[in-house]
Amino acid sequence: EPEVTQTPSHQVTQMGQEVILRCVPISNHLYFYWYRQILGQKVEFLVSFYNNEISEKSEIFDDQFSVERPDGSNFTLKIRSTKLEDSAMYFCASSEPRLAVSTDTQYFGPGTRLTVL
Amino acid sequence: DAKTTQPNSMESNEEEPVHLPCNHSTISGTDYIHWYRQLPSQGPEYVIHGLTSNVNNRMASLAIAEDRKSSTLILHRATLRDAAVYYCILLYSGGGADGLTFGKGTHLIIQP
């Protein structure tokens, strides 16, 4: 069964450094998402991406964050100048729009644990 | 997004049915009811969704009240692997790339 993959599984960085989290969505999917989950808290939506542009973003997704689909398979989340509070699990998800049903199942990856020291 | 209310936790025995309730009294006519779950140390996983009629799939059943103000996720025969946090989420049917709004969900504990 096709699945969303994410690399690395764990990223440790120093405060102020830039990190790039990578995701490979399911190949025929067209919508891509990033979520985060701070330890012990809810899963929070960050951003969605369709047709090479941001479709929707939350208040959390400020200028520190950016997303990109650099090629036909990868979807990346860049965090510039990381802060201690960016430490969290980051989940990528993808969905395939179905013409007959306008709400779509999102398939999540296993996540990248980001630790900012 | 319309709000959902779920119990913080529920406990059940292995191989028994589990009924997980969700209240969504402010649901609009265009909202689908989605259920996701998150197993320990994993990403969320789709379980089931519906609009008005009850739905069944290989994982679970979804029973939707006639007035749509509540729904129940039914696991017919819980296993230890079903221990997870279950999220009831309303999603506008307009589609597109809508982000999911997760609440705290129900932490389901399965006793052997």
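How each quantity is defined
- Residues numbered from 1 in each chain as written.
- Chains lettered and ligands numbered in written order.
- Predicted model: local features only at pLDDT ≥ 70, side-chain atom pairs only at ≥ 80, totals over all residues.
- Heavy atoms only, no water.
- pLDDT = per-residue confidence, 0-100.
- Helix = DSSP H or I, 4+ residues; strand = E, 2+ residues; numbered from the N terminus.
- Contact = heavy atoms within 4.5 Å.
- Salt bridge = Lys/Arg side-chain N within 4 Å of Asp/Glu carboxyl O.
- Polar contact = N/O pair within 3.5 Å; in protein donor to acceptor, adjacent residues only side chain to side chain.
- Nonpolar A, V, L, I, M, F, W, Y, C, P; charged D, E, K, R; others polar.
- Disulfide = S-S within 2.5 Å.
- Buried < 20%, exposed > 50% of the residue type's maximum accessible area, 1.4 Å probe, protein only.

Student: Sorry if this is basic, but what is going on with the confidence of the model for chain A here?
Tutor: Predicted coordinates in regions of low pLDDT should not be interpreted in detail. When the pLDDT values of chain A are averaged, the result is 92; 95% of them are 70 or greater. Averaged pLDDT values over the elements of chain A bottom out at 92 in strand E6 (residues 53-57) of chain A and peak at 98 in strand E11 (residues 112-116) of chain A.

Student: What's the story with the interface of chain A and chain B in this structure? I'm lost.
Tutor: It is common to report an interface's size as the accessible area lost on association of the parts. Across the boundary between the two partners, chain A contributes 21 residues, which contact 23 residues of chain B. Linking chain A with chain B are 0 salt bridges. Scanning the region where chain A abuts chain B turns up 5 residue pairs in polar contact (both at pLDDT 80 or more). Among the elements that take part in the side of chain A that touches chain B, strand E4 (residues 31-37) of chain A stands out by supplying 4 residues, more than any other. Per-class residue counts for the side of chain A that touches chain B are 9 nonpolar, 8 polar and 4 charged.

Student: Explain the state of the cysteines to me, please; I cannot follow it from the model alone.
Tutor: One way to say it: the disulfide is the covalent bond shared by the sulfur atoms of two cysteines. Residues and elements named next belong to chain A. Evaluation of the coordinates by the stated rule reveals 2 disulfides over all chains. Paired through a disulfide, Cys23 and Cys92 show a sulfur-sulfur distance of 1.9 Å. One disulfide, between Cys23 and Cys92, carries an S-S torsion of -65° and so falls in the left-handed class. Highlighted residues: Cys23 in strand E3 (residues 19-24) and Cys92 in strand E9 (residues 88-95), separated in sequence by 69 residues. Across the pair, exposure class does not vary: Cys23 and Cys92 are buried alike.

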